[in-house]
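Residue-level listing of the chains:
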Amino acid sequence: MGFIERHGLWSAEQSAAAQEIRARAESGGITVVRVVFADQHGLLRGKTVTVGELPNVLRDGTGIASSLLAKDTSGRTVFPLFTKETPLGLPELRGAADMVMVPDPLTFRMLPWSPGTGWLLCDLRFTTGAPVPLCTRGLLRSVLAQADGLTYRTGLEVEFHLFRLDDPRLGPGDLGQPGAAPEVAMLNHGYQYLSELRYDELDPILDVLRANIEGLGLPLRSLEVEFGPSQVELTLQPADGLGTADTMVLLRGAVKQVAARHGHHATFMCRPHLPGVFSSGWHLHQSVLRDGAGVFAPEAGDDPAAGPPLSPYGTAFLGGLLRHARATSAFSTPTLNGFKRFRSLSLAPDRAVWGRDNRGAMVRVLGDGPSSVRLENRIGEPAANPYLYLASQLAAGLDGVAGGLDPGPAADEPYAARAEPLPRSLGEALDALEGDEALGERLGKDFVSYFTGIKRAEISRFDQEVTDWEQREYFRVF
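Below, the structure is looked at part by part.

Quick notes on the rules
Residues numbered from 1 in each chain as written. Predicted model: local features only at pLDDT ≥ 70, side-chain atom pairs only at ≥ 80, totals over all residues. Heavy atoms only, no water. Helix = DSSP H or I, 4+ residues; strand = E, 2+ residues; numbered from the N terminus. Rg over C-alpha atoms; globule rule 2.2 N^0.38 Å. Buried < 20%, exposed > 50% of the residue type's maximum accessible area, 1.4 Å probe, protein only. Contact = heavy atoms within 4.5 Å. Areas by Shrake-Rupley, 256 points an atom, 1.4 Å probe, with all protein chains shown as cover. Lys, Arg positive; Asp, Glu negative; His and termini not counted. Charge placed at Lys NZ, Arg CZ, Asp CG, Glu CD. Pairing = 2+ DSSP bridges. Axes fitted to C-alpha atoms, helices over the stretch in contact; angles between N-to-C directions. Parallel < 35°, antiparallel > 145°, perpendicular 65-115°, else oblique. Left-handed = near helix turned anticlockwise from the far one by under 90°. Nonpolar A, V, L, I, M, F, W, Y, C, P; charged D, E, K, R; others polar. Salt bridge = Lys/Arg side-chain N within 4 Å of Asp/Glu carboxyl O. Phe/Tyr/Trp six-rings, centres within 6.5 Å; stacked < 30°, edge-to-face > 60°. Disulfide = S-S within 2.5 Å.

Brief notes about the overall build of the protein chain
For the protein chain, the count of helices and strands is 13 helices and 17 strands. In terms of C-alpha radius of gyration, the protein chain reaches 23 Å, essentially the compact-globule figure of 23 Å for 478 residues. The dimensions of the protein chain, computed from C-alpha atoms along their principal axes, are 65 × 60 × 50 Å. Taken across its 478 residues, the protein chain has 53% of its residues classed as buried. Long-range contacts, defined here as pairs at least 24 residues apart, represent 71% of the contacts in the protein chain between residues at least 6 apart. Accessible area for the protein chain stands at about 21300 Å²; split by element, carbon and sulfur atoms hold 51% of it. Looking at the protein chain, you have 46 positive and 58 negative side-chain charges, and the mean spots of the two groups are 4 Å apart.

Shown next as structure tokens:
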């Protein structure tokens, strides 16, 4: 009996899917399989195993160093792992001991751009079989379980930049932690929102991306040219539970890998340090269903002028999103760079308000029927860990429902409304997260402490750097 069966880690549906993978491997067509998990930043880490090793992975999982959970975005380990101190209160992490990546067979894909390569997304377990509490996919699963049998449905609308790669900067002088950023060139001039002409300038590489995204079986809806130079947007059909987060980690990896194989560089960084570029956002559409029917839609006869065009459940859920907006911004905007997006009159929010189909508001209430009423939160950046973004949104909404929170009136002038401002920095967002006890209870106080520790380490490194701005401002004048 293998590790997975011994600890009862798969459902009957997962076991059946694993059997299909085994049969497919035996029939040929699979050479290797990338076995990966989404780390604390939403970045995929893992190993590539041969087809001969695949049956062992589907029986026992595969080991991976727990030190990966102690790293910031540069790859630096920010928590002590080799001292007498118990790392993060988890003795299983001492000495960077192994964890077990347990594949979820329902996530299996063949990668169209890498012939013969399969892909499996994993959950993390300790060698005892216990779940690793720092696994962000597991954290989202735990928050989904707090929804009392209701279904959390979310939809992706994500922007990113797509450049021609001129120089990958891989010379000896470019090395570092992190290394030098690649040199790139624009693919179009931008400033013509949804222009067909601008789209056609990007079509050769966008068509390659489309073919590979659809080849993965991801539910792509549209490809759009955004306002900024070399900026595009993808939208996908909504999915339930873990579905949207699983899709996002696969989508980001696919876009970056396919672009690189075709001489391009794709980045989900919010605001690249390049002349004329615009910030990219990740708008999260969300609704809640009971037995397949949406619960956000108002009942017949409700007065739409009396408040949000939502049911009492939807109204309170919206109230929770607004009440906890400052704290959840640490998850929806987890980089120092992302907070440069929160600017007045920029189509990005700068305060916690809602509006009726108003793109200046943080939360946009949309839809006119039971199946279409939803909340679009425009707070996120595309670099966010999707499991933490979704988990924090659902936790905030559920707390609003539990407390019957009132979102207040709609903001007809969202950039002039009297409302709580969104944080202006990552440090301010972390302060808000640490002070939000209700959100901490739902997400787990230990996880909040862990996450803020990693992000404060990044801030500390940034604070010690001398920036281009400082050099320009002071080097000549003083």
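Topic: unusual backbone geometry
Of note, the amide linkage connecting Gln-177 to Pro-178 takes the cis form, showing an omega dihedral of 5°. Looking at where Pro-178 falls in the secondary structure, it is placed in the loop between β7 (151-167) and β8 (183-185). Unlike most non-glycine residues, Asp-148 shows phi in positive territory, near 55°. One can find Asp-148 in the loop between α4 (136-144) and β7. Asp-148 gets classed as exposed once you look at its relative accessible area, which sits at 72%. One non-glycine residue, Asp-357, lies in positive phi territory at about 50°. Its place among the elements puts Asp-357 in the loop between β15 (354-356) and β16 (363-366).

Regarding the pairing of strand β10 (residues 231-236)
Counting buried positions along β10 yields 6 of 6 residues, so the element is predominantly enclosed. What you see with β10 is no split at all: Gln-231, Glu-233 and Thr-235 on one side and Val-232, Leu-234 and Leu-236 on the other are buried throughout. With 5 bridges joining them, β7 and β10 adopt antiparallel strand pairing. Looking at β10, one finds that Glu-159 is bridged to Glu-233. In this structure, strand β9 (residues 220-225) lies alongside β10, joined through 5 bridges in antiparallel fashion. From the neighbouring strand, Leu-223 faces β10, where its bridge partner is Leu-234. A loop of 5 residues connects β9 with β10, the two strands running antiparallel in sequence, and Ser-230 in this loop sits at a positive phi of about 55°.

Describing the packing of helix α8 (residues 325-332) against helix α9 (residues 386-403)
Any two packed helices are characterised by how steeply their axes cross, that is the angle between the axes, and by the distance between the axes. At their nearest, the axes of α8 and α9 sit 8 Å apart, and the two run at 165° to each other. Comparing their axes, α9 and α8 come out roughly antiparallel. For the pair α8 and α9, the crossing hand works out as right-handed. Packed against α8, whose contacting residues are Thr-328, Phe-331 and Ser-332, the element α9 presents Leu-388, Tyr-389, Ser-392, Gln-393 and Ala-396 at the interface. Classifying every residue of the contact of α8 with α9 gives 4 nonpolar, 4 polar and no charged.

Side note on the pattern of salt bridges
The final tally for this structure, using the stated rule, is 24 salt bridges. Where Arg-461 meets Asp-72, a salt bridge forms, and the shortest distance between an N and an O atom there is 3.0 Å. Here Asp-72 lies in the loop between β3 (62-65) and β4 (98-103) and Arg-461 lies in helix α12 (residues 445-463), a separation of 389 residues in the sequence. On the accessibility criterion, Arg-461 (26% relative accessible area) is partly exposed. One salt bridge in this structure joins Lys-455 and Glu-458, with 3.1 Å as the shortest N-O distance. Taken together, the residues span about one helical turn, with Lys-455 and Glu-458 both in helix α12 at a distance of 3 residues. If you follow the salt bridges from partner to partner, you end up with Asp-104, Asp-123, Arg-137, Arg-141 and Asp-246 in one network.

Focus: the pairing of β16
In β16, alternate side chains face the same way, and those of Val-363 and Val-365 on one face and Arg-364 and Leu-366 on the other are all buried. Both β15 and β16 contribute to a ladder of 3 bridges, which runs parallel. Each bridged residue has a counterpart across the sheet, and for Trp-354 the counterpart in β16 is Val-363. Here 4 bridges tie β16 to strand β17 (residues 374-380), and the two strands are oriented antiparallel to one another. Residue pairing for β17: Val-365 is matched across the bridge by Leu-375.

Points about the packing of aromatic side chains
In the structure shown here, the tally under the stated rule is 14 aromatic pairs. Taken together, a centroid distance of 6.5 Å and an interplanar angle of 15° make the contact between Phe-447 and Phe-451 stacked. On the criterion of helical spacing, the pair formed by Phe-447 and Phe-451 is a turn pair, its members being 4 residues apart in helix α12. Taken together, the ring pairs connect Phe-79, Phe-331, Phe-447, Tyr-450 and Phe-451 into an aromatic cluster.

Points about the state of the cysteines
Under the criterion given, the structure shown has 0 disulfides. Cysteine Cys-122 remains unbridged, with the sulfur of Cys-135 as its closest cysteine sulfur at 9.5 Å.

Notes on α8
Most of α8 sits inside the fold, with 8 of its 8 residues counted as buried. Of the positions making up α8, those classed as buried are Ala-325, Arg-326, Ala-327, Thr-328, Ser-329, Ala-330, Phe-331 and Ser-332. Check the buried side of α8 and you find it contacts α7 (312-323), β17, α9, α10 (426-434), α11 (437-443) and α12.

A short note on the packing of helix α6 (residues 243-261) against α9
Following both chains from N to C, one finds α6 and α9 inclined at 150°, their axes separated by 8 Å at the closest point. In terms of axis orientation, α6 runs roughly antiparallel to α9. Crossing of α6 against α9: the hand is right-handed. Between α6 and α9, the contacting residues are Thr-244, Ala-245, Asp-246, Met-248, Val-249 and Arg-252 on the first element and Pro-386, Tyr-387 and Leu-390 on the second. Considered class by class, the residues forming the contact of α6 with α9 number 6 nonpolar, 1 polar and 2 charged.

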